[in-house]
Amino acid sequence: MIRLEKISKEYFMGEVEIKALDSVDLAIQRGEFISIMGPSGSGKSTMLHILGALDQPSSGCYYLEDVAITELSDQELSRIRNKHFGFIFQSYNLFNELTALENVTVPMMYAKFPKRERNELARTLLERVGMGHRVSHYPNQLSGGEQQRVAIARALANNPTLILADEPTGNLATDQGEEILRILSELNEQGTTVVIVTHDSKVAQSAKRLIQLRDGRIVNDAPIQKAIS
Ligand SMILES: Nc1ncnc2c1ncn2[C@@H]1O[C@H](COP(=O)(O)OP(=O)(O)OP(=O)(O)O)[C@@H](O)[C@H]1O
Ligand SMILES: [Mg+2]
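Caption draft 1: Structural detail: the sheet that holds strand β1 (residues 2-13). Pairing is antiparallel in the open sheet, where 4 strands are placed in the order β2-β1-β4-β5. The open sheet has two edge strands with one neighbour each: β2 (16-28) and β5 (67-68). Of the strands in this sheet, β1, β2 and β4 (59-64) touch helix α1 (residues 44-51), which is tilted by about 55° from β2.

Caption draft 2: Quick peek at the sheet that holds strand β7 (residues 162-166). Read from one edge to the other, the open sheet built from 6 strands follows the order β6-β7-β8-β3-β9-β10, with strand pairing classed as mixed. A strand with exactly one partner marks an edge of an open sheet, and here the two such strands are β6 (85-89) and β10 (217-223). Neighbour-to-neighbour, the strand axes of this sheet turn through a mean angle of 15°, independent of strand direction. Along the sheet, helix α6 (residues 174-189) makes contact with β3 (33-37), β6, β7 and β8 (193-197), crossing β8 at roughly 150°.

Caption draft 3: Geometry of α1. When you tally the buried positions in α1, you get 6 out of 8 residues, the bulk of the element. Backbone geometry just downstream of α1 places Ala53 in the positive-phi region, at approximately 60°.

Caption draft 4: Looking closely at the nonpolar core. Core analysis: the largest hydrophobic core is formed by 38 residues, its most contacted members being Val104, Leu126, Val150, Ile152, Leu184 and Ile196. Those elements giving two or more residues to this core turn out to be β3, α3 (100-110), α4 (115-128), α5 (144-155), β7, α6, β8 and α7 (201-204). With residues up to four places along the chain from it excluded, the contact list for Ile196 reads Phe33, Ile34, Ser35, Ile36, Ala165, Pro168, Leu181, Leu184 and Val203. Counting 28 residues, the second-largest nonpolar core is a separate cluster that includes Met1, Leu48, Leu51 and Ala53.

Procedures and definitions
- Residues numbered from 1 in each chain as written.
- Chains lettered and ligands numbered in written order.
- Predicted model: local features only at pLDDT ≥ 70, side-chain atom pairs only at ≥ 80, totals over all residues.
- Heavy atoms only, no water.
- Pairing = 2+ DSSP bridges.
- Helix = DSSP H or I, 4+ residues; strand = E, 2+ residues; numbered from the N terminus.
- Contact = heavy atoms within 4.5 Å.
- Axes fitted to C-alpha atoms, helices over the stretch in contact; angles between N-to-C directions.
- Buried < 20%, exposed > 50% of the residue type's maximum accessible area, 1.4 Å probe, protein only.
- Core = buried A, V, L, I, M, F, W, Y, C linked by side-chain atoms within 4.5 Å.

Below, the structure written as structure tokens:
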């Protein structure tokens, strides 16, 4: 599904060059569930942003379904983002002045869904993440875990093939975090490819493959062995 070839990302702070990613090669198949770990500053968020086409690499090539997306215009990239990717962030990133339902409809407005369909689909998605009873609540009337579930419903709005999550449980209590992971695992079982960045090795173990980054390089990439209970 995705192939990164020698992807590097450099930032310049005055004279100083920071290599956030250093010649990374990576292949992701459809249906995978991957967690990315590594120390702070090792390039995890940078990698997720590049995977989600939110950011362009300084060099290297990114193929999505064999299309070299590093060569596309901004407009084509945003079309690809809308069609393929769903994003979940540590800080939820919901609009405070919109209800849960309205937040979920935002990506559908960009995709030009008719209003009635938007509302129906948003309601269905909120039900799917266990938030059917909170459609009219505003973000500040919801707990952190509830806000993150709304953010997941929003990420699902355009039926993405790949969900990218940066520390999705980072601000949550353990039980709320577990609920988020349960939803992500369920989505993966239904065929959605999922990539999550996390500091928490317990969270990372929910995935099927673990990639470890250090100083912008992949230092380990292996399947996760599940203990048989
Ligand atoms: N916009 C930017 N300008 C300059 N340097 C940046 C920028 N974004 C990231 N960096 C640097 O690139 C490196 C990788 O950053 P990145 O955000 O990918 O790390 P991370 O692994 O996600 O860390 P954390 O676990 O703290 O979120 C860091 O050294 C960071 O300071
Ligand atoms: Mg980060």
